[in-house]
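Okay, here's what each chain looks like letter by letter:
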Amino acid sequence: MIILHTTPTANGYKASIMLEETGLPYRVIEYNLVKGENFSPEYLAINPVGRVPTIVDHSTNLAAPLSIYGSSAILLYLAEKTGRFMPTNIYKRAKVYEWLGIIASDVSPAFSGQFVFNVIAPEKLPWAIEFYEKLCIRMLHTMDLQLSKTPYLAGEEYSIADIIGYPVALISMKRYPGNLESHPNIARWAALLSERPAIQRGMKVPS
Ligand SMILES: N[C@@H](CCC(=O)N[C@@H](CS)C(=O)NCC(=O)O)C(=O)O
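Just so it is clear, the structure is predicted and the values come from calculations on it, not from any experiment.

**Comments concerning the site of the ligand**
Then step 1. Close contacts around the ligand come from Thr9, Asn11, Leu33, Asn38, Phe39, Arg51, Val52, Pro53, Tyr69, Gly70 and Ser71, and that covers them all.
Then step 2. Measuring from an oxygen atom of the ligand, one finds a side-chain N or O atom of Asn38 at 3.2 Å.
Then step 3. Note that a nitrogen atom of the ligand is positioned 2.9 Å from one of the backbone N or O atoms of Val52.
Then step 4. Across the complex, the protein chains shield 71% of the 510 Å² of accessible surface that the ligand would expose by itself.

**Notes on the domain arrangement of the chain**
Then step 1. In terms of domains, the chain is made up of domain 1 (2-84) and domain 2 (90-196).
Then step 2. In this structure, domain 1 and domain 2 have C-alpha centres spaced 23 Å apart.
Then step 3. Listed as interface residues are 12 residues of domain 1 and, on the opposing side, 13 residues of domain 2.
Then step 4. The junction of domain 1 with domain 2 conceals about 1000 Å² of combined surface from both sides, 79% of it contributed by carbon and sulfur atoms.
Then step 5. On inspection of domain 1 and its partner domain 2, the count reaches 1 salt bridge.
Then step 6. Note that Glu21 and Arg196 form a salt bridge whose closest N and O atoms lie 2.8 Å from each other.

**Here's the deal with the environment of Lys124**
Then step 1. Mapped onto the elements, Lys124 comes out in the loop between α4 (90-120) and α5 (126-149).
Then step 2. Exposure remark for Lys124: the relative accessible area of 43% places this residue in the partly exposed category.
Then step 3. Setting aside residues up to four positions removed in sequence, Lys124 forms contacts with Phe117, Asn118, Val119 and Ile129.
Then step 4. A distance of 3.4 Å separates a polar side-chain atom of Lys124 from the backbone oxygen of Val119.
Then step 5. Here the side chain of Lys124 touches Ala121 through a polar contact of 2.5 Å, landing on its backbone oxygen.

**Some thoughts on the pattern of salt bridges**
Then step 1. With the rule as written, the count across this model stands at 6 salt bridges.
Then step 2. Lys81 is the salt-bridge partner of Asp57, the closest N and O atoms lying 2.7 Å from each other. In this pair, Asp57 is assigned in strand β3 (residues 54-57) and Lys81 in helix α3 (residues 71-82), connecting sequence segments 24 residues apart.
Then step 3. On the basis of relative accessibility, which here comes to 31%, the residue Lys81 falls in the partly exposed class.

**As for the environment of Pro109**
Then step 1. Relative to the elements of secondary structure, Pro109 occurs in helix α4.
Then step 2. Sequence separation between Pro109 and Leu75 is 34 residues; the distance between their C-alpha atoms is 18 Å.
Then step 3. When near neighbours in sequence (up to four residues on either side) are disregarded, Pro109 contacts Ile103, Ala104 and Tyr132.

**Re the sheet that holds β3**
Then step 1. Strand order in this open sheet of 4 strands is β2-β1-β3-β4, and the pairing throughout is mixed. Every interior strand has two partners, whereas the edge strands, β2 (26-30) and β4 (66-69), have only one. Strand-to-strand twist in this sheet, taken as the mean axis angle between neighbours without regard to direction, amounts to 20°.
Then step 2. Note that strand β1 (residues 2-6) and β2 share 5 bridges and pair parallel. Paired with Ile2 across the strands is Tyr26, a residue of β2.
Then step 3. Against the sheet, helix α1 (residues 10-22) touches β1, β2 and β3, its axis set at about 155° to β1.

Conventions and cut-offs
Residues numbered from 1 in each chain as written. Predicted model: local features only at pLDDT ≥ 70, side-chain atom pairs only at ≥ 80, totals over all residues. Heavy atoms only, no water. Near = heavy atom within 4 Å. Polar contact = N/O pair within 3.5 Å; in protein donor to acceptor, adjacent residues only side chain to side chain. Areas by Shrake-Rupley, 256 points an atom, 1.4 Å probe, with all protein chains shown as cover. Domains from an automatic or database assignment. Contact = heavy atoms within 4.5 Å. Buried area = accessible area lost by both parts, 1.4 Å probe. Salt bridge = Lys/Arg side-chain N within 4 Å of Asp/Glu carboxyl O. Helix = DSSP H or I, 4+ residues; strand = E, 2+ residues; numbered from the N terminus. Buried < 20%, exposed > 50% of the residue type's maximum accessible area, 1.4 Å probe, protein only. Pairing = 2+ DSSP bridges. Axes fitted to C-alpha atoms, helices over the stretch in contact; angles between N-to-C directions.

Put into structure tokens, the structure is as follows:
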């Protein structure tokens, strides 16, 4: 059994979609970030960053349960554990690594910054808003161009690159008006992925 420590946020959904896609049995522990439940000593003992998602895998042949924090790390671990959603061909696998990294460290931070300066910031700083809006538009163009060439983010096959990208498109990009409508290839890809039953189930965790 795997225990998923999570919240109903884009990063949480990346992990829950992957667990649903693999079919591995798991149980969910939900955290209330507003109440600071993620800073409890029990949680910090398995994840010193104090952020979600984390999984704890009790179904290994190891001496002790294995814990792993962060959506990219969880996706890579579960892909390795199951041998799924990761191509065996090295050229194709390189593109999955590349797009996993683009979503995790280029696209997601751009939308986080846009959210922080447009929505959360008590003082609206025009330069910061403009900086992150330009960055978001650049990232959207990059993704849209890629998806104009291939059905999935990293090529012809559905992979963990799509699993990490979908919640970002559905939550972060939709929050920023006009994004999906003006990027038809991202919209086509998101619609295709939304038909997958595992994605539909994963987007409802925690229920
Ligand atoms: N790099 C991490 C980011 C995780 C993250 O930002 N988690 C947020 C919720 S979506 C969180 O736990 N925030 C609480 C905090 O920072 O105290 C990932 O990809 O999973």
